[in-house]
Amino acid sequence: MNILVCGGAGYIGCHTVYELIDKGYNVIVVDNLVKGHKSSVHEKAKLCVGDLRDEKFMDIVFKENNIDAVIDFAAFSLVGESVCEPFKYYENNVYATLKLLEAMERAKVKKIVFSSTAAVYGEPNKDIISEDDNILPTNPYGETKLTVERLLKWADMAYGIKFIALRYFNAAGAHISGKIGEDHNPETHLIPIVLQAAAGKREKVYIFGDDYLTYDGTCLRDYIHVTDLANAHIKALERLVNANESGIYNLGNGKGFSVKEVIEEAKKVTGYNIKTEICDRRKGDPSVLIASSDKAMKQLGWKPKFNSLNEIIKTAWNWHVNNPNGYND
């Protein structure tokens, strides 16, 4: 099968490309390289540099590569930035996906796996979140992802484009080979921030609140290894091919790790002391966010393999040690 991976030069996208190629798929990557890295793309994948909003470009990609299905990661994902620049997020995350779906319809490609987010749930009133819980995004990033989910539902009804949307929690870690990993600018994710502090690239790690109703007072989050996420996308693709049925699934480990636990485990993995400073809580930070992935396990046959915090941090540290300045491009 020929699989088009949009945003395949990004963090989760490039890991999914690696897994697809390992499983024998032919992969075509479309990325405008605004956030992605050319050197993260697998050498056996075909990279087409361009924008989803460019109709002529996209029509050529579909026509020349005989695409069978699409996996879409192309989006901006900084929550704070989305609050300050909502127009930018609707233009890139919603309009660009609309143009992708239009290109799919012109090419008669009827299957897409969509990278969604747990941000669609907003601030949930329960610790363990399932797919049928309340949907109330609290920022434009989550709202744009939910808007696309709804667009996909109507595209299914009108055009028969079958979709699976994957709502995942905190992606973390790096490829076991150390060849690819997490390189964002600016970096906003806890684990790479902690590892930057271990490597001497940050003076300290700020802990936003230590008075939450958790076992050590800091927030609990569900961290899922990026390779496990990548394999979930392939499981979703296989379900679309075999069952031709749309659906929405959470992806997570099903257990939470606190901010202090992440820091302490990083100290063990790296062997370095990591300075911390307690700050005020951030507005809107729930004390606990953990995914129920039961539906994905039952219907997709998916199960995370890298489910210990130690394994997740070890792979991330391996990437940081081998690539202290990130990608070269």
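Residues numbered from 1 in each chain as written. Predicted model: local features only at pLDDT ≥ 70, side-chain atom pairs only at ≥ 80, totals over all residues. Heavy atoms only, no water.

A. A look at the pairing of strand S7 (residues 162-168). Counting buried residues along S7, six of its seven residues qualify, which places the element largely inside the surrounding structure. Relative to S7, strand S5 (residues 111-117) is paired through seven bridges, and the arrangement is parallel. The residue bridging Ser 116 from the neighbouring strand is Arg 167, located in S7. Here S7 runs beside strand S12 (residues 247-251); their pairing, made up of five bridges, is parallel. Bridge pairing in S12 places Ala 165 opposite Ile 248. (Buried < 20%, exposed > 50% of the residue type's maximum accessible area, 1.4 Å probe, protein only. Helix = DSSP H or I, 4+ residues; strand = E, 2+ residues; numbered from the N terminus. Pairing = 2+ DSSP bridges.)

B. Main features of the environment of Asp 132. With respect to the secondary-structure elements, Asp 132 resides in the loop between strand S6 (128-129) and helix H5 (140-159). Between the C-alpha atoms of Asp 132 and Lys 88, which are 44 residues apart in sequence, the distance is 29 Å. Here Ser 130 takes part through its side chain, which lies 2.7 Å from a polar atom of the side chain of Asp 132. (Polar contact = N/O pair within 3.5 Å; in protein donor to acceptor, adjacent residues only side chain to side chain.)

C. Geometry of the pattern of salt bridges. Under the defined criterion, the tally for this structure stands at 16 salt bridges. The partner of Glu 105 in a salt bridge is Lys 108, with the nearest N and O atoms 3.3 Å apart. The partner of Asp 156 in a salt bridge is Lys 162, and the shortest N-O contact between them spans 3.0 Å. Three or more residues joined by partner-sharing salt bridges are found here, namely Asp 51, Arg 53 and Glu 91. (Salt bridge = Lys/Arg side-chain N within 4 Å of Asp/Glu carboxyl O.)

D. Layout of the pairing of strand S9 (residues 205-208). The side-chain alternation of S9 yields one buried face, formed by Val 205 and Ile 207, and one unburied face, formed by Tyr 206 and Phe 208. With four bridges joining them, S9 and strand S14 (residues 276-279) adopt parallel strand pairing. Looking at S14, one finds that Tyr 206 is bridged to Glu 277.

E. Structural context of the packing of aromatic side chains. For the structure on display, the rule yields three aromatic pairs. Both rings, one in Tyr 272 and one in Trp 317, keep their centres 6.2 Å apart while their planes meet at 65 degrees; by these two values the pair is edge-to-face. In this pair, Tyr 272 sits in the loop between helix H8 (259-270) and S14 while Trp 317 sits in helix H10 (residues 309-322), placing the two residues 45 residues apart along the sequence. For Tyr 272, a relative accessible area of 46% translates into the label partly exposed. Taking relative accessible area as the criterion, Trp 317 reaches 14% and is therefore assigned buried. Consider the rings of Trp 319 and Tyr 327, whose centres lie 4.8 Å apart with planes at 45 degrees: the pair is tilted. Neither residue differs from the other here; Trp 319 and Tyr 327 are each classed as buried. Above the ring of Phe 76, the side-chain terminus of Lys 88 is found at 4.9 Å from the ring centroid. (Phe/Tyr/Trp six-rings, centres within 6.5 Å; stacked < 30°, edge-to-face > 60°. Lys NZ or Arg CZ within 6 Å of the ring centre and 35° of its normal.)

F. Here's a closer look at the packing of helix H2 (residues 55-65) against helix H4 (residues 86-107). Interhelical geometry of H2 versus H4 gives an angle of 45 degrees and a closest axis separation of 10 Å. The angle between H2 and H4 places the two elements in the oblique class. In this structure, H2 meets H4 at a crossing whose hand is right-handed. Residues Glu 55, Met 58, Asp 59 and Phe 62 of H2 form the contact with H4, whose own contacting residues are Lys 99, Leu 100, Glu 102, Ala 103, Met 104, Arg 106 and Ala 107. A class-by-class count of the residues in the contact of H2 with H4 yields six nonpolar, no polar and five charged. (Axes fitted to C-alpha atoms, helices over the stretch in contact; angles between N-to-C directions. Parallel < 35°, antiparallel > 145°, perpendicular 65-115°, else oblique. Left-handed = near helix turned anticlockwise from the far one by under 90°. Contact = heavy atoms within 4.5 Å. Nonpolar A, V, L, I, M, F, W, Y, C, P; charged D, E, K, R; others polar.)

G. Representation of the sheet that holds S7 in the model. Strand order in this open sheet of seven strands is S3-S2-S1-S4-S5-S7-S12, and the pairing throughout is parallel. Strands with a single pairing partner mark the edges of an open sheet, and in this sheet they are strand S3 (46-49) and S12. Pairs of neighbouring strands in the sheet enclose a mean axial angle of 20 degrees, with direction left out of account. Each of S5, S7 and S12 is contacted by H5, which is oriented at about 155 degrees to S5, the strand it contacts most.

H. Quick peek at the layout of surface pockets. Within this model, the second largest pocket holds a volume of roughly 270 Å³. Lining the second largest pocket are 19 residues, and of these Gln 196, Lys 201, His 320, Pro 324 and Gly 326 sit closest to its centre. Take the lining of the second largest pocket: its biggest share by element is four residues, from H10. Residue classes in the lining of the second largest pocket are distributed as eight nonpolar, seven polar and four charged. (1 Å grid on protein atoms, 1.4 Å probe; cavity = no way out; pocket = protein on both sides within 12 Å on 5 of 7 lines; lining within 4 Å. Points joined across faces, edges and corners; volume = space filled by probe spheres on them.)

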